[in-house]
Amino acid sequence: MTPDATLRLAAARLLVYPDERMYQQLPLVRELSEALDGGPDGHLAAFLAYVDGERPLDLAAHHTTVFDTRNRRCPYLTWWTDGDTRNRGLSLVRVKQVYREHGLAFGSEELPDYLPVMLEFAALEPAAGTELLQEHRAGLELLRLALTEHGTPYAHLLQAVCATLPGPSPATREEAKALARQGPPRESVGLEPLGPGIELPWPTLPERTPA
């Protein structure tokens, strides 16, 4: 597994709601972090240190507060560009199609654009995963900027993930929104998204379909 794939897998396991299963995964995530030898820029190690210093109930409450659609910190990437328009349904179908084209049957109760799910795919299929994340980079970078502005340690994970993608990250929201405008035309680009709050359960890694 490449360093970028290793980091994406670790970030996927840490971005989910911190329930018992997440804590069971922590030894694996620590092994992945050690394999990275602190890179990139120690963001993964910094977040793990934060987890070590928090009580589980406090970390769970923080996660729920941070990933709140009403405050525009949504981990569903098509939400950033499509909002609650019918275009989002088409975008979700597109993401599922990418999984299917690489022999992965998406069987999760989560939506396919849920960031931890997309990162798991990007760890399994680095080339296709990078391309998919690049397609949704506007949302990814807007989430990174929102988490950084909020001051949450979860920003470490987004900063690390964005560093695995080609080119520099946008420094402002305006630059991030410009990424969406560079993509294919849309019926409506909802960079002022709407929607209810979201509770984030554990994602199901897509399972490979038989050949």
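The structure displayed is predicted, hence computed values, not measured ones.

S.K.: Just to check I follow, could you spell out the packing of aromatic side chains for this structure?
M.R.: Aromatic ring pairs are defined here through the distance separating the ring centres and the angle between the ring planes. According to the stated counting rule, one finds six aromatic pairs in the structure shown. Ring centres of Phe-47 and Tyr-154 lie 4.8 Å apart, and the angle between their planes is 50°; this geometry places the pair in the tilted category. Of the two residues, Phe-47 is situated in helix H3 (residues 43–52) and Tyr-154 in helix H10 (residues 154–162); the sequence distance between them amounts to 107 residues. Judged by relative accessible area, which is 1%, Phe-47 ranks as buried. Residue classification places Tyr-154 among the buried residues on the basis of a relative accessible area of 1%. When the ring of Trp-79 is compared with that of Trp-80, the centres are 5.3 Å apart and the planes differ by 90°; the resulting orientation is edge-to-face. You can call Trp-79 buried: its relative accessible area is 2%. An aromatic cluster is defined as three or more aromatic residues linked by ring pairs; in this entry it consists of Phe-47, Tyr-50, Phe-67 and Tyr-154.

S.K.: What am I meant to see in the pattern of salt bridges here?
M.R.: Think of it this way: side chains of opposite charge can pair up when their charged atoms draw near. Inspection of the entire model under this criterion finds seven salt bridges. Each of Arg-137, Glu-141 and Arg-144 takes part in a single network of salt bridges with overlapping partners.

Procedures and definitions
- Residues numbered from 1 in each chain as written.
- Predicted model: local features only at pLDDT ≥ 70, side-chain atom pairs only at ≥ 80, totals over all residues.
- Heavy atoms only, no water.
- Phe/Tyr/Trp six-rings, centres within 6.5 Å; stacked < 30°, edge-to-face > 60°.
- Helix = DSSP H or I, 4+ residues; strand = E, 2+ residues; numbered from the N terminus.
- Buried < 20%, exposed > 50% of the residue type's maximum accessible area, 1.4 Å probe, protein only.
- Salt bridge = Lys/Arg side-chain N within 4 Å of Asp/Glu carboxyl O.

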